[in-house]
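# Observations on the model geometry
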Amino acid sequence: MKIKISNAFLNILTLFLIAGILFAEFFSPQIKIFILSCAAIIFISIILTWNKNFSVAAKIIFPVIFFAIGVLRFFSVDNLPANDISKFANQSVKIFGTIRETPQSRIFPNESTQIKFIVDVEKVKVGGKIFSASGGIILNDYNAENFQNARIGDKISAGGNLKFLTNYKNPGQIDNVTRYKANKITARLSADKSGVEIFEVEGNFFVKFLRFVSEIREHYRTEISKFMSAEDAAAIFAMLFGGYAGINPELVTEFQTTGIVHILSVSGSHMSLIAAATAYFCLLFKFPKTLTIFLGIFVIFTYTFLSGMLPQVIRSAAMGILIFVGMAFKFENISQRFLTFTALAMLINQPLLIFDISFQLSFASTAGLLYIAPQIKNFLEKFPEIISIPTAMTISAQIASLPIIIWYFNQVSLSSVFANIFVMPLLEIVIVGGLLGGIFAFFVPILGKIFFVGEALIFSFAAELNKIFANLPFSSIQVPTLGISAGFFYYFALIFRRAEILLILIIFLLINFLKSGGEVEINFVDVGQGDCCVVFTP
């Protein structure tokens, strides 16, 4: 008997899995009662439909099963082990562990340097006693020498006051606590005066491989810095491998205004860009389509390794492959199914991803590219492809992710179409050229120098052009936070093509936008010892 599962039914299963995760997060049901209730629903469904039509029972049973999986998986990852490092929070401790990732440095305006370590804790010393511990922490230190000595896999110890990770409670605030928890990081510690001690460890094969990848990234950073300003070098390095360290804050703001700030971190668009460049190379030499696909996937995996194989990079790689296969080789239907399978696998493996802004934006934008972009491209078929394709991709990604963008950023970019048509192609040349320049600089230094000088010129021009778009009137507009219920009706209308619901939501948004004028007024009050301020919002 053949069992055919439509893509629509797979999407329904994904929605029920997400519903189960959210139900467990906000309602905390009793596990035994919940399991018995799900079992009863499944049993009754089988009894009522067995002799008539089993497919009807399946349409009830499987959503219930995936709802239950969402609940159970959430509880399995949300409940921390008894020896998790966060259990020792709000105490003076000394931790012993292993450096998980390449340390990141940050230079403050007063020229002090902060070193950020991600540490997998193995032991913790509290009150003279040593306990076994697990989980990860964020360790901050202000001794720049430790940045030079630390490597992935080395042992590290530090003392200080251990703290819980915290969030602000404002609407639309990014949930960093859950995001870190999904990566098994549950506490933070600032090193005390005793400082940080680092002990070199040879490491196994995998650790040596990660160190080798880190050395390659440092090779790129060093070569790029030779031929341009430190801020431009930091921006290009961020476009290649991610990270905001050393970037001019004004540049980041301008990229946010024009809606292309995602280019400063490794995203699905990076992956599809690298694969598309590979596809063009294969097309130039008339490689078979199958070989082209395999080479594209191989290049994406290689780039994933170079970017450090961080969880968000791996997710971007999966999304990038989907975009590459679907849009470059006209396999939209297959890619839509792959997208659903990918989301199901990721959420079953780590249900906390549903609260991660990077996962939300990656999934929504990719869904927009696969489901909405082809229709917009057909609508723009009279225009040249150099205009219709980036326009369709920009508008579709914005439409699919609009409620998420409004919820977190309260900003909608109206200049993103211009930036994607005129600026993004230049930045894509910078990314591909930067990767090639690093390779040439290693083997033929003079060629690397030529590449990186060209990189500096192209990036400077692209940044200035983007600045012009960012400073246009109404380049971006501030909008009030879109509530969860409004977001639900938005996606309902989008999926079922109910234009009247979308129109109502847009009208309400415009009314709120027109009403929300004025300035924020802050009054500082002299209350003697202490500080006091009174804030009046518009």
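This text follows the structure it describes.
Now for a quick tour of the structure. Per-chain numbering applies: the sequence of each chain, read as written, is numbered from 1 onward. In keeping with the model being predicted, local features are shown solely for residues with a pLDDT of at least 70 and side-chain atom pairs are shown and tallied solely at 80 or more, while totals for entire chains, interfaces and linings include all residues. Water and hydrogen atoms were dropped before computing side-chain values, which therefore reflect all heavy atoms in the structure.

## A look at the overall build of the protein
We count a stretch as a helix when DSSP gives it H or I for four or more residues in a row; a strand needs E for two or more, and each element gets its number in order from the N terminus. From N to C terminus, the protein includes 19 helices and twelve strands. Classification of the 538 residues of the protein by burial places 43% in the buried group. The contact definition used throughout considers only heavy atoms, calling two residues in contact when any of these lie within 4.5 Å. The long-range fraction of contacts in the protein, counting pairs at least 24 apart against all pairs at least 6 apart in sequence, stands at 71%. Note on areas: these come from Shrake-Rupley sampling with a 1.4 Å probe, and a residue is covered only by the protein chains present in the view. Of the roughly 30,000 Å² that the protein leaves accessible, carbon and sulfur atoms contribute 66%. A simple rule labels every residue: compare its accessible area, found with a 1.4 Å probe on the protein chains alone, to the largest value its type can have, and call it buried under 20%, exposed over 50%, or partly exposed in between.

## Observations concerning the packing of aromatic side chains
Here a pair means two rings of Phe, Tyr or Trp (six-membered ring of Trp) with centres within 6.5 Å. Their orientation is stacked below 30 degrees between planes, edge-to-face above 60, and tilted elsewhere. Enumeration over the complete set of coordinates arrives at eight aromatic pairs. For the ring pair Phe 88 and Phe 131, a centre distance of 5.9 Å and an interplane angle of 35° mean the geometry is tilted. Placement of the pair is Phe 88 in the loop between α3 (54-78) and β1 (91-99) and Phe 131 in strand β4 (residues 129-132), with a sequence separation of 43 residues. Since its relative accessible area comes to 13%, Phe 88 is described here as buried. With a centroid separation of 5.1 Å and an interplanar angle of 35°, the aromatic rings of Phe 440 and Phe 451 are classed as tilted. Here Phe 440, found in helix α16 (residues 416-443), pairs with Phe 451, found in helix α17 (residues 445-470); they are eleven residues apart in sequence, far enough to count as distant.

## Digging into the side chain of Ser 475
Its place among the elements puts Ser 475 in the loop between α17 and β10 (476-478). Those residues in contact with Ser 475 that sit more than four places away from it in its chain are Thr 257, Thr 258, Ser 413, Leu 414, Ser 415, Phe 469 and Ala 470.

## A short note on the pairing of strand β6 (residues 155-164)
When DSSP finds two or more bridges between two strands, those strands count as paired. Of the pairings in the sheet, the one linking β1 to β6 comprises eight bridges and is antiparallel in character. Note on β6: the bridge partner recorded for Thr 98 is Lys 155. Pairing between β6 and strand β7 (residues 185-190): three bridges, direction antiparallel. Bridge pairing in β7 places Leu 162 opposite Leu 189.

## Looking at the packing of helix α6 (residues 205-225) against α16
Lines are fitted to the C-alpha atoms to define the axes, a helix being fitted only along its stretch in contact, and any angle between axes, read from their N-to-C directions, falls within 0 to 180 degrees. Look at α6 against α16: their axes get within 10 Å of each other, and the N-to-C directions meet at 95°. What the angle tells us is that α6 and α16 run roughly perpendicular. Two secondary-structure elements touch here, α6 through His 219, Tyr 220 and Glu 223 and α16 through Gly 434, Leu 435, Gly 438, Ile 439, Ala 441 and Phe 442. Under the convention adopted here, Pro, Cys and the residues Ala, Val, Leu, Ile, Met, Phe, Trp and Tyr are nonpolar, Asp, Glu, Lys and Arg are charged, and Gly plus all remaining residues are polar. In the contact of α6 with α16, the residues fall into five nonpolar, three polar and one charged. In what follows, roughly perpendicular refers to angles from 65 to 115 degrees, roughly parallel to angles under 35, roughly antiparallel to angles over 145, and oblique to any angle outside these ranges.

## Overview of the pattern of salt bridges
Salt-bridge detection follows one rule: a side-chain nitrogen of Lys or Arg within 4 Å of a carboxyl oxygen of Asp or Glu. This structure, assessed with the given rule, holds nine salt bridges. For Lys 226, the salt bridge is made with Glu 223, and the minimal N-O distance between the two is 3.2 Å. Its relative accessible area of 54% is what places Lys 226 among the exposed residues. By relative accessible area, Glu 223 is classed as buried at 14%. Because the salt bridges share partners, they merge into one network encompassing Arg 151, Asp 154 and Arg 211.

## Focus on the environment of Gly 246
By the secondary structure assignment, Gly 246 is in the loop between α7 (230-241) and α8 (249-257). Along the chain, Gly 246 and Ala 233 lie 13 residues apart, while their C-alpha atoms are 8.6 Å from each other. Ignoring sequence-local partners within four residues, the contact set of Gly 246 consists of Ala 230, Glu 231 and Ala 234.

## Concerning helix α18 (residues 484-495)
Since one α-helical turn is 3.6 residues long, residues separated by three or four positions face the same way. Between its terminal C-alpha atoms α18 stretches 17 Å, which fits the 16 Å expected from twelve residues at 1.5 Å a residue. All of the buried residues in α18 are Ala 486, Gly 487, Tyr 490, Ala 493 and Leu 494. Summarising the axial view, the buried residues of α18 lie within an arc of 130°, below the 170-degree limit, and thus occupy one face. Exposed side of α18, more than 90 degrees from the buried face: Ile 484, Ser 485, Phe 488 and Ile 495 are the residues found there. Under the convention used throughout, the expected extent of a helix is 1.5 Å for every residue step, that is, one less than its residue count. As used here, the arc is the angular range of directions from the helix axis to the C-beta atoms.

## Structural notes on the nonpolar core
What we call a nonpolar core is a set of buried Ala, Val, Leu, Ile, Met, Phe, Trp, Tyr and Cys residues that are connected through their side-chain atoms within 4.5 Å. In terms of nonpolar packing, the biggest core is built from 40 residues, with Met 239 and Leu 427 touching the most fellow members. At the level of elements, α6, α7, α8, α10 (289-306), α16 and α17 are the ones that each hand at least two residues to this core. Filtering out sequence-adjacent residues up to four positions away, Leu 427 remains in contact with Met 239, Phe 255, Ile 260, Ile 263, Phe 459 and Ala 462. Membership of the second largest hydrophobic core comes to 22 residues, among which are Ile 99, Phe 117, Ala 158 and Val 196.

## Focus: the environment of Phe 442
Inspection of the secondary structure puts Phe 442 in helix α16. Separated by 226 residues in the primary sequence, Phe 442 and Ile 216 have C-alpha atoms spaced 9.8 Å apart.

## Here we look at a nonpolar patch on the surface
A patch is a set of surface residues, each over 30% in relative accessible area and not in a salt bridge, joined within 9 Å for like charges and within 5 Å for the nonpolar side chains Val, Leu, Ile, Met, Phe, Trp and Tyr. On the surface, a cluster of nonpolar side chains totalling about 790 Å² of accessible area is made up of Leu 436, Ile 439, Phe 442, Phe 443, Val 444, Ile 446, Leu 447 and Ile 450. By residue number, the principal contributor to the nonpolar patch is α16, which donates four residues. Since its relative accessible area comes to 58%, Phe 442 is described here as exposed.

## A closer look at the packing of α7 against α16
Axis separation between α7 and α16 bottoms out at 10 Å; the angle between their running directions is 80°. Classified by the interaxial angle, the pair formed by α7 and α16 is roughly perpendicular. Listed contacts from α16 to Ile 236, Met 239, Leu 240 and Phe 241 of α7 are Leu 427, Val 430, Ile 431, Gly 434 and Leu 435.

## As for the state of the cysteines
Disulfides are covalent bonds that connect the sulfur atoms of two cysteines. We call a pair of cysteine sulfur atoms a disulfide whenever their separation is within 2.5 Å. Under the definition given, this model contains zero disulfides. Free cysteine Cys 532: the closest other cysteine sulfur is in Cys 533, separated by 6.4 Å. Owing to a relative accessible area of 31%, Cys 532 belongs among the partly exposed residues under this scheme.

## What about unusual backbone geometry?
Residues other than glycine seldom take positive phi values, yet Asn 90 does so here, at roughly 65°. Position of Asn 90 relative to the elements: it lies in the loop between α3 and β1. Its relative accessible area of 52% is what places Asn 90 among the exposed residues. The phi dihedral of Lys 184 falls on the positive side, at around 60°, and the residue is not glycine. Mapped onto the fold, Lys 184 is located in the loop between α5 (176-182) and β7.

Spatial relationships are all this shows, so hold off on functional conclusions.
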